[in-house]
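# Architecture at a glance
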Amino acid sequence: MARFIFITGGVVSSLGKGLMAASLAALLQARGYKVRIRKFDPYLNVDPGTMSPYQHGEVYVTDDGAETDLDLGHYERFTGVSARQSDNITSGRIYQQIIQKERRGDYLGATVQVIPHVTDAIKEFALADTDDLDFVLCEIGGTVGDIESLPFMEAIRQLRNELEPLQTLSVHVTLVPYIAAAGELKTKPTQHSVRELASLGIKPDILLCRAEHPIPDNERRKIAQFCNVRAEAVIPALDAPSIYSVPLQYHAEGLDAEVLRGFGITDAPAPDLSRWDDVTERYFNPEGEVTIAVVGKYVGLPDAYKSLNEALVHGGLANRVKVNIRWIDAEIFEQDDSEIAARLEPMHAILVPGGFGERGSEGKISAVRFARERNVPFLGICLGMQMACIEAARAAGYEKASSTEFGPTEDPVVGIITEWMGKEGLEKRSAEGDLGGTMRLGAYDAVLAGNSHVSQIYGGAKQISERHRHRYEVNSSYKDALEGEGLIFSGMSPDGLLPEIVERPEHPWFVGVQFHPELKSKPFNPHPLFAGFIEAALAQSRLV
Ligand code: GLN
């Protein structure tokens, strides 16, 4: 029988509920339990796929091709459990399904209502496919009191009532602000938030209190008294020096012990936290540092490249170095040529990440050219690989080489492929399709060329599986031209049609990948491409 932990947030948004859920799941996992984390997003988009990264941060893609909330990235990075489509639901998806059923006449004449139809759909989502699990952590997006999260709160209330007495637990994450002028921590916002939650019929069992200053025992007791929880269940969650210290920090504050107590579990094995000890030991004791340029478009918002940022850190952990990331807006290179050398010369490696649209593309191509000509380690991801191919085509004399994503072009080195062989047979997409759901999404295999640099990076593997999220492909009819210029196609889709990886054998480290390796990197298991890239950056740092 799976036990359910419902995680809600109060007072303000951005308290790091996702990280909290991921850390708690990691602690339960460290005690030998089987866990899964699910995210309930109250907004009306069907999925975050069509949202701007500035609105929502990165879109995290799962193996089964779902475009999901970036919190699922935290979940995977902290637990190693691959997230699925069925781990992220939005109000939009629920309403879409209900309205489709209503149009089909499936409700047999009934009035379709938030209670019970929407709340039933939410409960079904929480309970589905959980038989083999010990704990299911359900994180509710937004803040208690939001109008759009009300059906989710109601569904939780019902579930707490319907499941067994010791089968559910409510964890409420709040903020205990420090008022500098008064020199005091304030517990009132927490009290109000708990009252709001209680008015919806949910009594929290554990309060996780985010604070910038330690919460003295008397304040803890005060919160406990006013909020009707045990003092031990008021867990201070102070700002952590690294996200990877959070599981250890919460454990030291007694969070996992309190959760187990809440479920009446008295015989839990002690946690094996060696994985987190190792990660934090590496993180806090680097033996050197490297500086990496990321030349992209959404550089103003770190969340837009969340997984990439983390994967670079993991590459640093693998090499025991600190990774400094310089986020560079590609458009700067378009406005002023002299910026290219000025900004990139001090860098130990250059990365061009994934992206959409023409803006900044010429700047990204300039960054690729700089990396190629100056022998600086280069990693191109998705759009970054496409830019590397366009750069090579131009070097090979195709001056007009471009991507059809940016408009009609005489030399479509990157273009739409409308048919290809997927795992379940022929897959099709059209150039005119809706923006939502016309991409190559999720895990696809790539066959690696025998003596290539990438097969060596992947430890001699012949075939790999990586996650995709893109509409356009490198056009393999330019293969000979690009290979003549030194850019080799070293990874292809199993049917041999779609270029998956390119590399330059004559260059110290130059790799472009059509997929997103950053999505599968873990702190305790850094992705080989990032470990290799940072290793190359380290070698470069010894040259300059
Ligand atoms: N815009 C490109 C495409 O759709 C690349 C997408 C990406 O980098 N994720 O193919």
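Keep in mind that this is a model prediction, so the values were computed, not measured.

### Focus on the pattern of salt bridges
Evaluated as defined, the whole model comprises 40 salt bridges. Linking Arg36 and Asp87 is a salt bridge whose minimum nitrogen-to-oxygen distance equals 2.5 Å. You can see Arg36 sitting in strand S2 (residues 35-41) and its partner Asp87 sitting in the loop between helix H3 (71-79) and strand S5 (88-90), a full 51 residues away along the chain. Accessibility classification places Arg36 together with Asp87 in one group, the buried group. Arg440 is the partner of Glu473 in a salt bridge, and the nearest nitrogen-oxygen pair spans 2.8 Å. Of this pair, Glu473 sits in strand S22 (residues 472-474) while Arg440 is found in strand S20 (residues 440-448), placing the two residues 33 residues apart along the sequence. What makes Arg440 buried here is its relative accessible area of 0%. Each of Lys39, Asp41, Asp69, Asp71 and Glu139 takes part in a single network of salt bridges with overlapping partners.

### Some thoughts on the sheet that holds strand S14 (residues 349-352)
What the nine strands build is an open sheet, ordered S13-S12-S14-S15-S25-S24-S23-S20-S21; its pairing is mixed. The two strands at the open ends of the sheet, each matched to only one other strand, are strand S13 (322-329) and strand S21 (463-470). When the angles between neighbouring strand axes are averaged without regard to direction, this sheet yields 25°. Together, strand S12 (289-296), S13, S14 and strand S15 (378-381) form the strand contacts of helix H12 (residues 306-319), whose direction differs from that of S13 by roughly 150°. Against the sheet, helix H16 (residues 383-395) makes contact with S14, S15, strand S24 (499-503) and strand S25 (510-513), and its axis sits at roughly 115° relative to S15, the strand it touches most.

### As for the nonpolar core
Counting residues in hydrophobic clusters, the biggest one holds 61 residues, and the most contacted among them are Ile5, Met20, Phe135, Leu137 and Leu255. Here this core gets ten residues from one element, more than from any other, and that element is helix H1 (residues 17-30). Core analysis: the next-biggest nonpolar cluster, separate from the first, contains 38 residues, Val295, Ala371, Tyr472 and Leu482 among them.

### Some words on the packing of aromatic side chains
In the structure shown here, the tally under the stated rule is 14 aromatic pairs. Judged by centre distance (6.0 Å) and plane angle (45°), the rings of Tyr298 and Tyr305 are tilted. A relative accessible area of 6% means that Tyr305 is categorised as buried. With 5.4 Å between their ring centres and 80° between their planes, Tyr398 and Tyr478 make a pair best called edge-to-face. Of this pair, Tyr398 sits in the loop between H16 and strand S16 (401-403) while Tyr478 is found in the loop between S22 and helix H18 (479-484), placing the two residues 80 residues apart along the sequence. Grouping aromatic residues by their ring pairs yields a cluster made of Phe78, Tyr244, Trp276 and Phe524. Arg38 extends its terminal NZ or CZ atom over the ring of Phe125, reaching a point 5.6 Å from the ring centre.

### Description of the site of the ligand
Close to the ligand lie Gly354, Gly355, Phe356, Cys382, Leu383, Gln386, Glu405, Arg469, His470, Arg471, Tyr472 and His516. Arg471 is positioned with one of its backbone polar atoms (N or O) 2.9 Å from an oxygen atom of the ligand. For the ligand, an oxygen atom lies 2.8 Å from a polar atom in the backbone of Tyr472. A total of 300 Å² of accessible area belongs to the ligand in isolation, and the protein chains cover 99% of it. Among the detected pockets, the ligand sits in the second largest cavity. Of all the secondary-structure elements, those providing two or more residues to the shell around the ligand are H16 and S21. Broken down by class, the residue content of the shell around the ligand amounts to four nonpolar, five polar and three charged.

### Structural notes on the environment of Lys39
Note on placement: Lys39 falls in strand S2. Placed 51 residues apart in sequence, Lys39 and Thr90 show a C-alpha to C-alpha distance of 8.5 Å. Setting aside anything within four residues of it in sequence, one finds Lys39 in contact with Asp69, Asp71, Leu72, Tyr75, Asp87, Asn88, Ile89, Phe125, Glu139 and Gly141. At 3.1 Å, the side chain of Lys39 and the side chain of Asp69 are in polar contact.

### Section: the packing of H1 against helix H10 (residues 255-262)
Running from N to C, H1 and H10 point in directions that differ by 75°, and their axes come no closer than 10 Å. Our classification of the angle between H1 and H10 gives roughly perpendicular. Here Met20, Leu24, Leu27 and Leu28 of H1 come into contact with H10, specifically with Leu255, Asp256, Val259 and Leu260. Considering only residue class, the contact of H1 with H10 consists of seven nonpolar, no polar and one charged.

### Description of the UniProt feature "domain: CTP synthase N-terminal" (unreviewed entry) in the protein
Residues given the UniProt feature "domain: CTP synthase N-terminal" (unreviewed entry) here are residues 3-263. Taken end to end, residues 3-263 is 41% helix and 19% strand, and its first and last C-alpha atoms sit 8 Å apart.

### Some remarks on the sheet that holds S22
Here three strands make up an open sheet; going across it, the order is S16-S17-S22 and the pairing mixed. Looking at strand neighbours, the two that pair on one side only are S16 and S22, the edges of this open sheet. Sheet twist, expressed as the average angle between the axes of neighbouring strands with direction ignored, equals 30°.

### Description of empty space enclosed by the protein
Applying the stated criterion across every chain yields a total of three cavities of 30 Å³ or more. Volume-wise, the largest cavity comes out at about 70 Å³. Elements represented by at least two residues in the lining of the largest cavity include exactly S2 and H3. Split into classes, the residues belonging to the lining of the largest cavity amount to five nonpolar, two polar and three charged. Counted as a void, the second largest cavity has a volume near 60 Å³. For the second largest cavity, the full set of lining residues is Gly355, Phe356, Cys382, Leu383, Gln386, Glu405, Arg469, His470, Arg471 and Tyr472. Elements represented by at least two residues in the lining of the second largest cavity include exactly H16 and S21. When the residues that make up the lining of the second largest cavity are grouped by side-chain class, the tally is four nonpolar, three polar and three charged.

### Considerations on the environment of Ser245
In this fold, Ser245 is placed in the loop between strand S11 (234-238) and helix H9 (246-252). When its relative accessible area of 9% is taken as the criterion, Ser245 is described as buried. Between the C-alpha atoms of Ser245 and Ser361, which are 116 residues apart in sequence, the distance is 37 Å. Setting aside chain neighbours within four positions, we find Ser245 in contact with Thr280 and Phe284.

### Notes on H1
Here H1 spans 20 Å end to end across 14 residues, near enough to the 20 Å set by a 1.5 Å rise per residue. Taken across its 14 residues, H1 has 13 buried, putting it largely inside the fold. Gly32 occupies a position one or two residues after H1 and carries a positive phi of about 95°.

Conventions adopted
- Residues numbered from 1 in each chain as written.
- Predicted model: local features only at pLDDT ≥ 70, side-chain atom pairs only at ≥ 80, totals over all residues.
- Heavy atoms only, no water.
- Salt bridge = Lys/Arg side-chain N within 4 Å of Asp/Glu carboxyl O.
- Helix = DSSP H or I, 4+ residues; strand = E, 2+ residues; numbered from the N terminus.
- Buried < 20%, exposed > 50% of the residue type's maximum accessible area, 1.4 Å probe, protein only.
- Pairing = 2+ DSSP bridges.
- Axes fitted to C-alpha atoms, helices over the stretch in contact; angles between N-to-C directions.
- Contact = heavy atoms within 4.5 Å.
- Core = buried A, V, L, I, M, F, W, Y, C linked by side-chain atoms within 4.5 Å.
- Phe/Tyr/Trp six-rings, centres within 6.5 Å; stacked < 30°, edge-to-face > 60°.
- Lys NZ or Arg CZ within 6 Å of the ring centre and 35° of its normal.
- Near = heavy atom within 4 Å.
- Polar contact = N/O pair within 3.5 Å; in protein donor to acceptor, adjacent residues only side chain to side chain.
- Areas by Shrake-Rupley, 256 points an atom, 1.4 Å probe, with all protein chains shown as cover.
- 1 Å grid on protein atoms, 1.4 Å probe; cavity = no way out; pocket = protein on both sides within 12 Å on 5 of 7 lines; lining within 4 Å.
- Sits in = over half its atoms within 2 Å of the grid points.
- Nonpolar A, V, L, I, M, F, W, Y, C, P; charged D, E, K, R; others polar.
- Parallel < 35°, antiparallel > 145°, perpendicular 65-115°, else oblique.
- UniProt positions renumbered as here; feature names shortened; annotations may be inferred.
- Points joined across faces, edges and corners; volume = space filled by probe spheres on them.
- Expected span 1.5 Å × (residues − 1).

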